[in-house]
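Here is how the chains run, residue by residue.
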Amino acid sequence: MTAADVNRTILAVWRIEQPRLITGLSRMLRDVPLAEDLTQEALVAALEHWPAGGVPEKPGAWLMALAKRRALDHLRRRSMLARKHEMLTRDLEQEQLAMPDPDVALDDDIGDELLRLIFTACHPKLSREARAALALRMICGLTTEEIARAFLQPEATIAQRIVRAKRTLSESGLAYETPRGEQLSERLASVLEVVYLIFNEGYTAARGDEWLRPQLCNDALRMGRVLTLVAPQEAEAHGLLALMELNASRTAARTDAAGDPILLMDQNRALWDRLQIRRGLLALARAHELGGGGGFYALQAAIVACHARAVTPDETEWPRIAELYAKLGALVRSPIIELNRAVAIGMAEGPAAALAIVDGLAGEPALKTYHLFPSVRGDLLHKLGRVAEARAAFELASTLATNKRERELLRRRATETSSGAPKSF
């Protein structure tokens, strides 16, 4: 392997192993920021040693072993709490000898180690925005850029939130903990948001060479299923699970053999997972039974359900989708929701009606660097025969896209405007 190949391998392994490393170290040290620091040290060590010595046969185990050794060293150095740390060190050494399964669920109300850590990061002493940013950065391995994209905020703003949140966790002595009862309930909304954003990043990656990050989707789905057991009477937990199940049901049809995106209206619906669709519809029905049909996640799930129920693209109930987006926009004011409503209006009433809505969003600061805004506009312009404007819009969208696969797709759409109708997202 070349040095570049090794570096790419390290980063790929890192994306997979970082959550496991932080959760394992946090459980040992009861200190989330320290666990993140030691995890970063393990990455630096890999970057130093693997190019010369080669990638280990079990890279994840190599990283974990190194991180645990450094955690033990850290505990030994903290002489002021020698007795407690000696006990912890002895327990950890025994645990190392026993080589326990790192995936064994904890004996608590949550039972999922990564989810438990997210509950810790979503402490009420942190602001709502800081909770989500901290959990996504430290625990789930998303970059500051990816988190900023999710929140439609500048990177500098997100970076400051993360720094302040880590400082608060450290200075307040907030431990790696399992909240129970009322404490669990007051953190639940933030935890749902984090799981939602993890799934979204896996479903459409903000950057990199691949459009999908399946592990993130799978992690989010697993945690969503656990959350419906932890909070069975919480309608939004069921709504979120429904949304993720229904979206994930399309995974096999969303990319071709080369990994390039296949847009919704072009997908082979025979590849959609009907079992997963049934699970999603059942979760959505449960959200309605609990009186949460008008919730943020349940409304989005209802939109995806319209697609899931349509055997062919022509059977899609676009007026119903537009109505649901209007309800969602009344609940949460967001230019992206309005942009999606415009797409549905375009399918239901024609491109002219949709373009009027899209042009009305042109001054929204959050959409200035959002690549799907010019992409949607380009599609509508092309349908109206304004080919030169459409091509310029697609070219602009391709320059704004930070994911390689999306950027290439948008470039193709720009070229296709001269020869045929480009496909809609």
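Residues numbered from 1 in each chain as written. Predicted model: local features only at pLDDT ≥ 70, side-chain atom pairs only at ≥ 80, totals over all residues. Heavy atoms only, no water.

For the protein chain, an unreviewed UniProt entry supplies the name RNA polymerase subunit sigma-24 and the organism Bradyrhizobium retamae.

Trainee: How should I be thinking about the overall build of the protein chain in this particular structure?
Mentor: Helix and strand counts for the protein chain stand at 19 helices and zero strands. Expressed as a percentage of its 425 residues, the buried residues of the protein chain come to 51%. Counting contacts in the protein chain only where the partners sit at least 6 residues apart, residues at least 24 apart contribute 64% of the total. (Helix = DSSP H or I, 4+ residues; strand = E, 2+ residues; numbered from the N terminus. Buried < 20%, exposed > 50% of the residue type's maximum accessible area, 1.4 Å probe, protein only. Contact = heavy atoms within 4.5 Å.)

Trainee: Would you mind showing me how to read the pattern of salt bridges here?
Mentor: Should their charged atoms come close, side chains of opposite charge can pair. Here the structure, examined in full by the defined rule, presents 20 salt bridges. Across the pair D219 and R222 runs a salt bridge whose closest N-O atoms are separated by 3.0 Å. With a gap of three residues between them, D219 and R222 both fall in helix α10 (residues 214–230), about one helical turn apart. (Salt bridge = Lys/Arg side-chain N within 4 Å of Asp/Glu carboxyl O.)

Trainee: In this structure, what is going on with the packing of helix α16 (residues 351–359) against helix α17 (residues 372–383)? I would like to understand it.
Mentor: For any two helices packed against each other, one specifies the crossing angle of their axes together with the interaxial distance. Here α16 crosses α17 at 150°, and the two axes come no closer than 9 Å. Seen from above, α16 lies across α17 with left-handed handedness. Residues P351, A354, L355, V358 and D359 of α16 pack against F373, V376, R377, L380, L381 and K383 of α17. Residues of the contact of α16 with α17, tallied by class, amount to eight nonpolar, no polar and three charged. (Axes fitted to C-alpha atoms, helices over the stretch in contact; angles between N-to-C directions. Left-handed = near helix turned anticlockwise from the far one by under 90°. Nonpolar A, V, L, I, M, F, W, Y, C, P; charged D, E, K, R; others polar.)

Trainee: Would you mind showing me how to read the packing of aromatic side chains here?
Mentor: Aromatic ring pairs are defined here through the distance separating the ring centres and the angle between the ring planes. For the coordinates displayed, the defined rule picks out five aromatic pairs. Relative to F296, the ring of Y196 has its centre 5.6 Å away and its plane inclined at 75°; by these criteria the two rings are edge-to-face. Of the two residues, Y196 sits in helix α9 (residues 181–203) while F296 sits in helix α13 (residues 296–309), which places them 100 residues apart along the sequence. Residue class for Y196 comes out buried when judged on its relative accessible area of 13%. Chaining the aromatic ring pairs together yields one cluster made of Y196, F296 and Y297. Taking the ring centre of W272 as reference, the NZ or CZ of R250 above it sits at 5.8 Å. The positively charged end of R254 is found above the aromatic ring belonging to W211, 4.4 Å away from the centroid. (Phe/Tyr/Trp six-rings, centres within 6.5 Å; stacked < 30°, edge-to-face > 60°. Lys NZ or Arg CZ within 6 Å of the ring centre and 35° of its normal.)

Trainee: I would appreciate a short explanation of the environment of H74 in the present structure.
Mentor: Within the secondary structure, H74 is located in helix α3 (residues 59–77). The class for H74 is buried, based on a relative accessible area of 17%. When the C-alpha positions of H74 and L34 are compared, they lie 9.7 Å apart, and in sequence the two are 40 residues distant.

Trainee: What am I meant to see in the environment of H288 here?
Mentor: Of note, H288 is situated in helix α12 (residues 274–289). Since its relative accessible area comes to 47%, H288 is described here as partly exposed. Spatially, the C-alpha atoms of H288 and E236 are 9.6 Å apart, while their sequence positions differ by 52 residues.

Trainee: How should I be thinking about the confidence of the model for the protein chain in this particular structure?
Mentor: Segments scoring low in pLDDT should not have their predicted coordinates read at a detailed level. Taken residue by residue, the protein chain gives an average pLDDT of 85. The fraction at 70 or more is 88%. Note on residues 98–109: pLDDT under 50 across the span, and 17 contacts to partners over four residues away in sequence or across chains. (pLDDT = per-residue confidence, 0-100.)

Trainee: Got a minute to help me understand the side chain of T316 in this structure?
Mentor: Inspection of the secondary structure puts T316 in the loop between α13 and α14 (318–331). Filtering out sequence-adjacent residues up to four positions away, T316 remains in contact with R269, H307, A310 and I321.

Trainee: Before we go on, may I ask you to explain helix α19 (residues 404–416) in this structure?
Mentor: Look at α19: 18 Å from first C-alpha to last across 13 residues, which is about the 18 Å you get at 1.5 Å a residue. Among all positions in α19, only R405, E406, L409, L410, R413 and A414 are buried. The N-cap residue of α19 is N403: its side-chain oxygen and the backbone nitrogen of R405 are 2.9 Å apart. (Expected span 1.5 Å × (residues − 1). Polar contact = N/O pair within 3.5 Å; in protein donor to acceptor, adjacent residues only side chain to side chain.)

Trainee: Looking at this model, I keep getting lost on the packing of helix α7 (residues 144–151) against α9. Mind explaining?
Mentor: Across the interface, α7 lies against α9 with an axial gap of 11 Å and an inter-helix angle of 110°. Taken as axis vectors, α7 and α9 run roughly perpendicular relative to one another. Facing E146, R149, A150 and F151 of α7, the residues of α9 in contact are E193, L197 and E201. Grouping the amino acids of the contact of α7 with α9 by side-chain chemistry returns three nonpolar, no polar and four charged. (Parallel < 35°, antiparallel > 145°, perpendicular 65-115°, else oblique.)

Trainee: Can you help me understand the environment of V6 in this one?
Mentor: Inspection of the secondary structure puts V6 in helix α1 (residues 3–29). Put simply, V6 and G54 are 48 residues apart on the chain and 7.7 Å apart in space, counted from C-alpha to C-alpha.

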